[in-house]
Amino acid sequence: MKRFWIIIALAALAVLPSCVKGESFNDEDYVGGWEGYSTHRARTYMMSLSDDLMAGMLDELELALEIDKRGAGRSAHFEIGGALGTPGSVWRVKAEDSAFKDLSIRCTGEGRWALNYAGDFALVSEENLYPTEVNMVASRYQDTETNAEGWSVSLDGRREERLDYRCSFGTASLQYINTRGTGAPGWNQMFGDLNMYVFKNGEEVDVCCLSFEGAPSQATLIRGL
């Protein structure tokens, strides 16, 4: 499938008929993961939000937790502010080459972290770099019966675009789950809804919901709610 430019994706949201349902995405059946992460970009704007942006932030969290687990005390990637599992501790991405430079990770309780990011971020293609803000809360997910593990996420965010487009997006609960075993990168199951509101010149022109019920490639887009 072709890779769409952001402005084409947003413009399409504004002009296509409302209430179009059943659009499936033929992406790989996992998202995120440091190994080969950039080769599995979503083929739509909202899948790029859930994969490149949201799963990318979870990748940063997992990397920070791995470094903290090793007890290194120093990192070229993070500015370390105490043990990451201690409530109140804050880590910050300081690596200049990171897509998430200045992302902060704050422990808010046992197995729970608040992630905050604001900066120019690329969605869909590297050329589409625009101001993006995200506030995320991530809690550990674990199913002792199946050994599945991952994250439960709540989030709100906003992003500017070309030609006076912008969008806001968020979820009350979205689960990123790995059922492939410890050490497998990324997450192969997702559950929950990601909502997005599209604005043109300050006026709302569309609303969309990307609904996940298992493999990320089977996510369904519902428009014009």
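A brief report on the enclosed structure follows. Predicted model only: the values in this text are computed from it and were never measured.

1. Observations concerning the overall build of the chain
Line of reasoning, step 1. Helix and strand content of the chain: two helices and eleven strands.
Line of reasoning, step 2. Listed by position from the N terminus, the elements making up the chain come as α-β-α-β-β-β-β-β-β-β-β-β-β.
Line of reasoning, step 3. Relative to its full complement of 225 residues, the chain shows a buried share of 48%.
Line of reasoning, step 4. Nonlocal contacts in the chain, meaning residues at least 24 apart in sequence, comprise 49% of its contacts between residues at least 6 apart.
Line of reasoning, step 5. When the accessible surface of the chain is totalled, it reaches about 10,900 Å², and 48% of it is carbon and sulfur.

2. With respect to the pairing of strand β6 (residues 129–143)
Line of reasoning, step 1. Two strands pair when backbone bridges link them, and strand β5 (residues 112–122) and β6 are joined in this way by eleven bridges, in the antiparallel orientation. What sits directly across from R112, in β6, is S139.
Line of reasoning, step 2. Counting the residues in the hairpin turn of β5 and β6 gives six residues, including V124, whose phi is positive at 70°.
Line of reasoning, step 3. The turn joining β6 and strand β7 (residues 148–160), which pair antiparallel and follow one another in sequence, is formed by four residues; a positive phi near 65° is taken by N147.

3. Things to note about the environment of K69
Line of reasoning, step 1. Mapped onto the elements, K69 comes out in helix α2 (residues 45–70).
Line of reasoning, step 2. When the C-alpha atoms of K69 and A83 are compared, they prove to be 9.0 Å apart, with 14 residues separating the residues in sequence.

4. Notes on unusual backbone geometry
Line of reasoning, step 1. Backbone geometry places L163, a non-glycine residue, at a positive phi of 55°.
Line of reasoning, step 2. Residue position: L163 is located in the loop between β7 and β8 (165–178).
Line of reasoning, step 3. You will see that N201, though not glycine, has its phi angle at about 55°, which is positive.
Line of reasoning, step 4. Mapped onto the elements, N201 comes out in the loop between β9 (189–200) and β10 (203–214).
Line of reasoning, step 5. Judged by relative accessible area, N201 falls into the exposed class, the value being 56%.

5. Comments concerning the packing of aromatic side chains
Line of reasoning, step 1. Applying the stated criterion to the full structure yields six aromatic pairs.
Line of reasoning, step 2. Relative to W151, the ring of W113 has its centre 5.9 Å away and its plane inclined at 75°; by these criteria the two rings are edge-to-face. Linking W113 in strand β5 with W151 in strand β7, this pair joins segments that are 38 residues apart in sequence. When sorted by exposure, W113 lands in the same class as W151, which is buried.
Line of reasoning, step 3. Judged by centre distance (5.7 Å) and plane angle (80°), the rings of Y176 and W187 are edge-to-face. In this pair, Y176 is assigned in strand β8 and W187 in the loop between β8 and β9, connecting sequence segments eleven residues apart.
Line of reasoning, step 4. Assessed through its relative accessible area of 0%, Y176 is described here as buried.
Line of reasoning, step 5. Ring pairs connect the aromatic residues F100, Y117 and F121, which therefore count as one cluster.
Line of reasoning, step 6. The ring of F199 has R166 sitting right over it, with the charged end atom 4.2 Å from the ring centre.

Conventions used here
Residues numbered from 1 in each chain as written. Predicted model: local features only at pLDDT ≥ 70, side-chain atom pairs only at ≥ 80, totals over all residues. Heavy atoms only, no water. Helix = DSSP H or I, 4+ residues; strand = E, 2+ residues; numbered from the N terminus. Buried < 20%, exposed > 50% of the residue type's maximum accessible area, 1.4 Å probe, protein only. Contact = heavy atoms within 4.5 Å. Areas by Shrake-Rupley, 256 points an atom, 1.4 Å probe, with all protein chains shown as cover. Pairing = 2+ DSSP bridges. Phe/Tyr/Trp six-rings, centres within 6.5 Å; stacked < 30°, edge-to-face > 60°. Lys NZ or Arg CZ within 6 Å of the ring centre and 35° of its normal.

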